Structure formats: C-alpha cells, structure tokens
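# Inside the fold
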Amino acid sequence: MKHELSKTYDPKSFEDRIYQNWCDKGYFTPDVADNKPPFSVVIPPPNVTGQLHMGHALDETLQDILVRYKRMQGFSTLWVPGTDHAGIATQIKVEEQLRKNENLIRYDLGREKFLERVWDWKHQYGSRIINQLKKLGTSCDWTRERFTMDEGCSRAVKEVFVNLYEKGLIYRGNRIINWCPHCITALSDAEVEYTEQAGSFWHIKYPIKGEDGYVEIATTRPETMFGDTAVAVNPSDESTKHLVGKTLILPLVGREIPVIADDYVEIGFGTGCVKITPAHDPNDFLVGQRHGLEQIKVMNDDGTINAYGGKYEGMDRYAARKALVEDLDAAGYLIKVVPHTHNVGACYRCGTTVEPMTSNQWFVKMEPLAKPALEVVYDGTVKFEPERFTKTYTNWMENVHDWCISRQLWWGHRIPAYYCDGCGEMVVSKTDVTTCPKCGKAMRQESDVLDTWFSSALWPFSTMGWPDKTPELAKYYPTSVLVTGYDIIFFWVARMIFSGLEHMGKAPFSTVFIHGLVRDAKGRKMSKSLGNGIDPLQVIDEFGADALRFALATGNAPGNDMRFSDEKIESARNFANKLWNAARFVLMNLDIDKVELPAAGELATEDKWILSRLNTLAENVTQNLDHYEIGVALANIYDFVWDVFCDWYIELSKPRLSAGDKIAQNVIAYVLSETLKLLHPFMPFITEEIYQTLPHESESIMISDFPRRRADLVFTEEEAEMERVIALIRAIRARRTEMGVVPSRRAKLSIVTRFGATFAAAVPFFQKLAGASEVKFVDAVTDPTAVQIITDSAVAYIPLADMIDFDAERARLTAELDKNLGEIKRIEGKLANAGFVEKAPAAVVEGERQKLEKYKEVRKGLEEALAKLG
RNA sequence: GGAGGCAUAGCUCAGCUGGUUAGAGUACUUGCUUGACAUGCAAGGGGUCACUGGUUCGAUUCCAGUUGUCUCCACCA
C-alpha cells in the first residue's frame, strides 16, 4: 500500500483540522481518576483585553513543549487555561472606547451600567485570545477554562479576603500610597515604574518668624508646599542646630510651621533643611508620624490643587507649580533654580506620573506571609530555573512592604466589606450583608475593588475548585512547574507562592521556569508605540504554527532575552520543509502496512548505525528536557533530522529502497516515526500529519509513547564502522572538489585498509556518494600519479594524474603532516605529563590515547604518500 | 546606592556539572537540473572565545578584578 503526502509543505492545509481532531478526541483532558502520576501546569492567564503577542507565543510554546512531553511519557497531564480580568487595563480600554464612540465618561453611566459594558467587552474579546492560543497548538484542557472573575474564582477571592482579615493580615488604614491621577486609583509599589527625568531644584526662602533671616529650602515639587507642616534638620548638624524650635512662615501661604530635628535629614546634602509634607511624600510621612505632625493633603484625586492651595485651587498640579514658582519669584522668595535629574514614578498602565498621597486603603500585612514564602525558596522546595532568579525573588521578598490591595476602580472583585452609615459598624463577610447586625440599618458594600493581582495570586488553586476539596486539587495541586517571564516575578510569582502556602499549606509549584523577553531584530522591546511588534498570528498565517514554535524554542538559553527576525522564522520553515520532503521520500518508497523492526541479525551496518544514533538522540533529548534545556533539545533533533537522517541515512538507503528491500523500509519508517515523536512536543502539527500517513500504532502521535533508550539498539561497533565509511567519503569528496574534478567524472577507487570488511560492504556508497566507478581493495598502490586520500582508517587512491599539480599536492601533504605532527606532539606532551595521567579521569586519558593512535595512523599515511611523490 | 545578565565567526546566537580539531543559523566563495527537498545538494573561507590575574595536570568554561553594554530593585528632599 502506497501512502502519499502533498507535494509541498503547506501548514494551512492541516493545522486547524488536526487541532480540531485533538479537541474532538478529548486528548487534552486528563482523567482525574486514573492512577498515572500527575503533571500539571496553570497558564499565566492572558488579559482579556489582549491580543496574542510574541511574549505569549513564547510562554505558551515552552509550556506546551513540557506538557506534551510529559503527556507522551505517560503522566496524567493537566494544563489549565484561562484569562485574567486585568482590572485597570481593561477598565481603561472600555473608558477610552466610551469616550471615543459616545463622548461619555464612566460616571455618566454609573457603576452598574458601566460594568455591563465591561462584561460586553469581555465576552467579545475574551474568546479572541483563547482562539489565538489554539492556533498555536496549545494542548490546554479547554473543558477547564477559567476566568479570574468567574463564579468560582470570585468565591475563592472572598474566602481568602475574609480569612486574611480574620487573621489580622488584612487591615484598612490611612497610609501613604502611590496615586494615579489619571486612573484615579491607588497603586501598589510594584505597579509604579521609575524613569529618570530632567527636573529642577527650586530653592525657596522660608522666612523665620520674628527674625529677619530665612531658611533656604530646596524642593523638586514646590506645589506640595501647601501641605508642609514642618521643616526638618539633622540634630547633629552644627550649621543648622540653632534653627531647631524656631517657627517659619510659609511664603505666600502665611501658615506657621516649626523647625524640627530628625535623623532622616542627611548632613551635607542640599541645604541641610528639608520641608516636611507628610501627606505627599513617603519619607515625610514617617517623619510626620514620629513628630505627630498634621497631614495636609493639597490635591484632589485627579491631581488638581484643592482648597489648601488658596488661589491655586482647581489648577492642575503642574500648572499650579508653574504659577506658584512665578509668584514666589515675583515676591522675592525664589533664590535660584538648579537643574536636577531624578527618578519619577509613573503608572504602569497609563504612564501618568504618580502622586504619593495619604489615603484610606486596604493593605495586606506582608511580614508574616513573606517569611514562609522565603523559607520554601531557601530550602529548595521551590526552585527557580535558571537559578539566578532565586536572588531576584528573595531580594524583593526580604524587603517587601505591605501590599496596597484596594483600587478605586469599578472593574474587579469588589471588596467584601460592608459599612453601616448609621452606627459606623463594619463587617467583612463572604456573603452579602444588607442590614447592620448592631443597629439594623442598611449596610452598603465597600466601593473599592481589589488589585487584579489579588485574584491571580490564587490562580493555581482557585482554578481547581478551591475552597471545595475537589479531586482536581487532590491530584494536581501543587502544580509541577510554572512557566513565565522574569518581568512578573514580583507581580505574580511571589504572590502565588505566599498565597499557596497560606491557604493550601503548600507552595503552588516546585519549579519556576523563567524565560526572557522576545525582542525585535534590532534588540528593541516590542511595543505598540514603537510599532515594531511582530504579530504571531501573521507569522502563523505565513509560515505555520510549527515554524513559529520552532523559531521561538530554538537557540535561546533559559532566562535570556531573544531576538525574533525574518531569518529565524525562514530557517524554521525551511526545517519543516526539509522534514516534509524527507517524509515524502520515505512514503514514496514504502509498501508495508505495519512497521516492524527486523531482528538485529537482519540489519545492515547503516541500519544499526542510524538506530544507534537515534537511541543516543532519544537519551539526550530526554535529559535535555528534564533539565529545561529546550533549545539544546531541539538543536539535537534538528541536527539528527538534517545532518544524520537526511544527509546520510536517506542517501545510504536509496539503493536498497529502490530495490524494494523490506528491511530498509521497516528501518527507515521506524526511524522516521520515532524521530517524529521526539519532535512532536516542539512541532505538533507537522509531526502528526506525517505520522498519520505512515503506518502507525497509536491513534495519534500526541498520545503515543515518547521514545526511550533501548538497550537492544546499542550498536557501538557498527556505529564506528559507518563513521569510518562516512569519513572516507567526505575526504574523497573534499579532494575531488579541491582538485576541480567535476562531479560527473567518475574514477576508479583503490582502498588500502585494515578494516576490509567494513569498506567492502560500503562499495555501493563509494560509487553513489564518492564518484567511484569501481572499487578495489589492495595491499598497496605504487602508482605515483594516483591521488592519495588519507583518513585514520584507510588510504584511498584515485588515478587522476591529469588533474594533479604535483608541487601543490606535495605542499598540501606537507602542511597536513605539519598540522598532524603538531597534534601528535600536543597529545604526547599531555600523556607524558604525570599530573595529567594521575589526576585526570581514566576515561579522559584513554580518550587521548585513542586520539593519538588515530593521528599516528594518519601520519603513517601522510608520510608514505609524501614518499611516493618523491 | 544595591543586585544581576551579557561580551564566542561579518550578523544573530548555542556551548549542560572544566579535557572538543571551538559549533549552529544566516551571510560569503566555488561547483552542482544527483530520480524527497534550489525552502535544496556538495566542498570551502572566516574566531588570540573582551582584557588582566588566580585556582588546576589542564580554563572559552570556575574565581577575582578591569573595561564596555543591558536589565531589575531602592530612591536623598
């Protein structure tokens, strides 16, 4: 029976069809009740607002490789997919749309109506990214798809919030937080991005009450002056000591403030006097607490100045700054303006400069949670791969501040706290509270929602049905590995670890496999504003998902950023094409219905050679994958497919295949199909398509057994024999091209060798691959006009006297001999070194001895050859 | 201020726990309608593995320092 593949590799013609079939067959859904060992992964949930970008493509490809590998190895493999509601990001998008299309702001609609719009958005775009994931070939269990705001996840959020609150780990307080005046919400420390900006130091006179003098204050944010409640100096600073206890008058404002002493002020920096604005600076806030200073907030939530700013009320903070500075100057209070570059924090979602402000917010107390989260990393329960990211994590966790979790948004999990306007009672509860338990009046729920990362932190167990004790949790929690980029170690990984420990009593995963960023061909971060993003869907459309996956998985070391370029994707596509054509060749020559590996005694040397090489490959790939060396694993397969299987085995087997040899057919079909299995986790579609056309045992390659090392397929001797033949063929080809012998010119070949049997069996190969017309085995060749080709196992002669330039030949042989003698000397030196022989491992010493033997063989050949030339 | 990455062929990058004749892709040179593939085949040129020390029998690999470069964290008004 002849099988066929279409003439050209056309991924579009089969990728969607194959994916649909996998889904229909339910291969992605594990049986919770089976007794296979578990392997589980939760997807880093993409934002519902998002489109699939290269970062996702990389992340998902790496996960799918691990998941498919483990599934083929017989694990009960669960990959939980889903999406994140992405609080701020999504709300911003919907608000933008609202403004653009209807010229409305969210308050025009009101909370409920606005949320309806966001849900509409979610329903419209949430499925888009899921479909894009499917295009990539991800083998997620879609029957368990989750959303951070679905019923189950929301229930987990409430449960966790109440638990933490009852343990005293969640509290509400008036603290200084980062405020985004554009998004009109508080942000956590992690959500602020700092960039260096050119600014100024404004030096301002603060007059001393009852004296003529003044104190010189330098500030980068003069508009916060309205909120100054003191000026501080260092108590040990001799030059400012006399000021302590005096009263200053705020210029233009006229309010009186004291001069206080605090160690926070650094001696010798600036003017030595610092204005203290407890409501608008984190350090000043602490100083204020120490000295019992009043907190005066001078800004509204949108960043405009409030009534404390007097005539500047209502102005934007920067407009107010400008006007204030002009007025100070006019009134003679401005001493000078000094240029100053400093780091300014911006909102990670909208880029607006954040304003530190005191505000009444909800916080998670981090210290008790951080401790065990550090322990599991210190003791190796949770490992980072590559290891260096351990430090990134521990450094952050060791210095973590309390986590501000409330957001003044509408889109998100509403905080389950209820207030009574009558008696002021507050209740935190998993279930809705409508009437006050104390006074019976109506309760209203907290209007704030939770930080979007609060729910993502619960993802590994909220997606498996927690707080219920589900079979999924019992079998698949903790998960096996978390795959993600180093950019969200703080946002997400850290918070999952302490949440898992706190609520499940176990860390949510044992390994964190970290990858880098995908950059453009010039090494720049892909971004919308630069317009340099490469759309993975377009790449899939043009080159196929397998090529994209190959390009992302190959040649990049764990944790390192990688560049994505046209070259890379083309080279990946070429590989797919190569494999496709190799398969076509195999199929064209196959007329068996079942692949059965012949007994060892029936196999030809080249069969044993390729089987032995395949065996080694399986062993190496397994080891690579177990160590998360995905790029190395793929490179090994690539080399085998192209350089070993295609370039040599296919060529070597052509004579037998065209003669209809069944042994050769079985071997080549076996090797191809095992190779496809090794490659399947990386390139799932093409491997399945080819597998299905070959005679095959399993219904699908994705549920077939991943190849293992087979002790019965170790053929060390035959492998070495074949390598000798290949080495000689290569040497002959090289000599011929070097002499300018056209390929069509065939020549008689005489071989002198002590490996007669090996080479005798290889006569057809010399004829087909080395331009030999006939091959003779002789004891010696005396003809001085024959071209001599020397390897460590044979000397070959080709009578091409007319092509030889004897002087050049002599020079070439001499140079080769020189090089050879150099190597011999080097190894002999090594072996003569007592230190080396004694201390180096025996295998290394033995290796050097064997190398020396080979070099000596070559030397013998070269010397004889030179002698013949005279 | 603190932490970390990177520096290997013209370019983009591999190189796992020290021993290789230092690799790949791409580009380049030469020659090929070899009956799977020109998205291909064959043969080649091209590297003082940033620099300086150290450890070792042996260092591209481990350690320290220097230079260049990138990133993260903290944030002194």
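A tally of helices and strands in chain A yields 27 helices and 29 strands. In summary, chain A has a C-alpha radius of gyration of 37 Å against a globular reference of 29 Å for 870 residues, an excess of more than 25%. Counting only C-alpha atoms and orienting by the principal axes, one finds that chain A spans roughly 120 × 65 × 55 Å. Here the contacts in chain A between residues at least 6 apart in sequence split such that 77% fall between residues at least 24 apart. When the accessible surface of chain A is totalled, it reaches about 37,800 Å², and 49% of it is carbon and sulfur. Mean positive and mean negative side-chain charge positions of chain A (103 and 122 charges, respectively) differ by 2 Å.

Let us now look at the pattern of salt bridges. Applying the stated criterion across every chain yields a total of 55 salt bridges. Residue Asp16 pairs with Lys135 through a salt bridge whose shortest N-O separation is 3.2 Å. Taken together, the residues span a long stretch of sequence, with Asp16 in helix α1 (residues 15-25) and Lys135 in helix α5 (residues 111-136) at a distance of 119 residues. Taking the relative accessible area as the measure of exposure, Asp16 reaches 46% and is therefore partly exposed. Note that Arg321 and Glu223 form a salt bridge whose closest N and O atoms lie 2.8 Å from each other.

Next up on the list: the sheet that holds strand β8 (residues 214-219). Here we have three strands laid out as an open sheet, ordered β8-β7-β13, and antiparallel in their pairing. Looking at the sheet topology across the chains shown, the edges are occupied by β8 and β13 (334-347). Looking at each pair of strands side by side, their axes are set apart by 20° on average, direction ignored. With six bridges joining them, strand β7 (residues 192-207) and β8 adopt antiparallel strand pairing. Opposite Lys205, over in β8, you have Glu216 as the bridge partner.

Below, the discussion takes up helix α9 (residues 367-378). Since there are 3.6 residues in each turn of an α-helix, residues three or four apart along the chain are aligned in direction. Between the first and last C-alpha of α9 there are 16 Å, a value that for twelve residues agrees with the 16 Å anticipated at 1.5 Å per step. Within the span of α9, buried status applies to Leu369, Ala370, Ala373, Leu374, Val376 and Val377. Buried residues of α9, seen end-on, are gathered within an arc of 160° and therefore sit on one face of the element. In α9, the exposed positions that point more than 90 degrees away from the buried face belong to Glu367 and Lys371. For α9, the elements touching its buried residues are β14 (355-364), β15 (383-385), α10 (389-398) and α14 (489-504). One or two positions beyond α9, positive phi appears at Gly380, with a value near 85°.

This next bit is on the nonpolar core. Within the largest apolar cluster, 194 residues are counted, with the highest numbers of intra-cluster contacts made by Phe454, Phe645 and Phe766. Sorting elements by how many residues they give to this core places helix α19 (residues 630-658) first, with 14 residues. Leaving out residues up to four positions away in the same chain, Phe454 has contacts with Val157, Val160, Phe161, Leu164, Ile170, Val364, Trp403 and Ile405. Trp202, Tyr206, Ile296 and Ala320 belong to the second largest nonpolar core, which has 34 residues in total.

In space, the four strands of this open sheet follow the order β10-β11-β9-β12, with mixed pairing throughout. Bordering the open sheet on either side are β10 (247-249) and β12 (273-276), each of which pairs with just one other strand. With direction set aside, neighbouring strand axes in the sheet form an average angle of 30°. Looking at chain direction, strand β9 (residues 230-233) and strand β11 (residues 256-261) are connected through three bridges and run parallel. Each residue of the ladder has a partner; that of Val233, found in β11, is Ala261.

Contacts to RNA strand B come from 53 residues, most closely from Glu266, Phe269, Asn283, Lys839 and Lys851. The contact atoms of RNA strand B, taken as those within 4 Å of the protein, divide so that sugar and phosphate hold 61%. For RNA strand B, a sugar or linking oxygen lies 2.9 Å from a polar atom in the backbone of Gly555. A distance of 2.6 Å separates a phosphate oxygen of RNA strand B from a polar atom in the side chain of Lys851. Sorting the residues of the surface near RNA strand B by element identifies β13, α10, α17 (566-588), α19, α22 (716-739), α25 (806-832), α26 (834-839) and α27 (842-869) as the ones contributing at least two each. Among the elements that make up the surface near RNA strand B, the one with the highest residue count is α17 (eleven residues).

In this section: unusual backbone geometry. The peptide bond linking Trp466 to Pro467 adopts the cis configuration, its omega dihedral lying at 10°. In this structure, Pro467 sits in the loop between α12 (459-462) and α13 (471-476). Looking along the chain, the bond that leaves Tyr477 and enters Pro478 is cis, with omega of -5°. Examined against the element boundaries, Pro478 turns out to sit in the loop between α13 and β22 (479-485). Phi is positive for Asn103, close to 55°, though the residue is something other than glycine. Turning to its location among the elements, Asn103 is positioned in the loop between α3 (87-102) and α4 (106-109).

Contact pair α17 / α19: the axes reach a minimum separation of 11 Å and the direction vectors enclose 20°. Between α17 and α19, the angle falls in the class roughly parallel. α17 and α19 meet at a crossing whose hand is left-handed. On α19, the residues touching Asn574, Phe575, Lys578, Leu579, Ala582, Phe585 and Val586 of α17 are Tyr638, Val641, Trp642, Phe645, Cys646, Asp647, Ile650, Lys654 and Leu657. Along the lines of polarity and charge, the residues of the contact of α17 with α19 split into twelve nonpolar, one polar and three charged.

Before going further, it helps to spend a moment on the packing of aromatic side chains. For the structure on display, the rule yields 37 aromatic pairs. An aromatic cluster of three or more residues is present, and its members are Phe161, Tyr165, Trp362, Trp403, Phe454 and Phe498. Residue placement shows Arg724 over the ring face of Phe755; its charged tip is 3.8 Å from the ring centre.

Turning next to a negative patch on the surface. On the surface, a cluster of negative charge is contributed by Glu542, Asp566, Glu567 and Glu570. At three residues, α17 tops the list of elements feeding residues into the negative patch.

The complete set of buried residues in helix α15 (residues 536-543) reads Pro536, Val539, Ile540 and Phe543. Projection of α15 onto a plane perpendicular to its axis shows the buried side chains occupying an angular sector of 100°, all on one side. Pointing more than 90 degrees away from the buried face of α15 are the exposed residues Gln538 and Glu542. Here the buried face of α15 lies against α1, α2 (54-72), α5, α16 (545-553) and α17. Where α15 starts, the residue carrying a side-chain oxygen 2.9 Å from the main-chain nitrogen of Leu537 turns out to be Asp535. Downstream of α15 by one or two residues, Gly544 has phi in the positive range, about 100°.

Thresholds applied
- Residues numbered from 1 in each chain as written.
- Chains lettered and ligands numbered in written order.
- Predicted model: local features only at pLDDT ≥ 70, side-chain atom pairs only at ≥ 80, totals over all residues.
- Heavy atoms only, no water.
- Helix = DSSP H or I, 4+ residues; strand = E, 2+ residues; numbered from the N terminus.
- Rg over C-alpha atoms; globule rule 2.2 N^0.38 Å.
- Contact = heavy atoms within 4.5 Å.
- Areas by Shrake-Rupley, 256 points an atom, 1.4 Å probe, with all protein chains shown as cover.
- Lys, Arg positive; Asp, Glu negative; His and termini not counted.
- Charge placed at Lys NZ, Arg CZ, Asp CG, Glu CD.
- Salt bridge = Lys/Arg side-chain N within 4 Å of Asp/Glu carboxyl O.
- Buried < 20%, exposed > 50% of the residue type's maximum accessible area, 1.4 Å probe, protein only.
- Pairing = 2+ DSSP bridges.
- Axes fitted to C-alpha atoms, helices over the stretch in contact; angles between N-to-C directions.
- Expected span 1.5 Å × (residues − 1).
- Arc of directions from axis to C-beta.
- Core = buried A, V, L, I, M, F, W, Y, C linked by side-chain atoms within 4.5 Å.
- Near = heavy atom within 4 Å.
- Polar contact = N/O pair within 3.5 Å; in protein donor to acceptor, adjacent residues only side chain to side chain.
- Parallel < 35°, antiparallel > 145°, perpendicular 65-115°, else oblique.
- Left-handed = near helix turned anticlockwise from the far one by under 90°.
- Nonpolar A, V, L, I, M, F, W, Y, C, P; charged D, E, K, R; others polar.
- Phe/Tyr/Trp six-rings, centres within 6.5 Å; stacked < 30°, edge-to-face > 60°.
- Lys NZ or Arg CZ within 6 Å of the ring centre and 35° of its normal.
- Patch = residues over 30% accessible without salt bridge, like charges linked within 9 Å, V, L, I, M, F, W, Y side chains within 5 Å.

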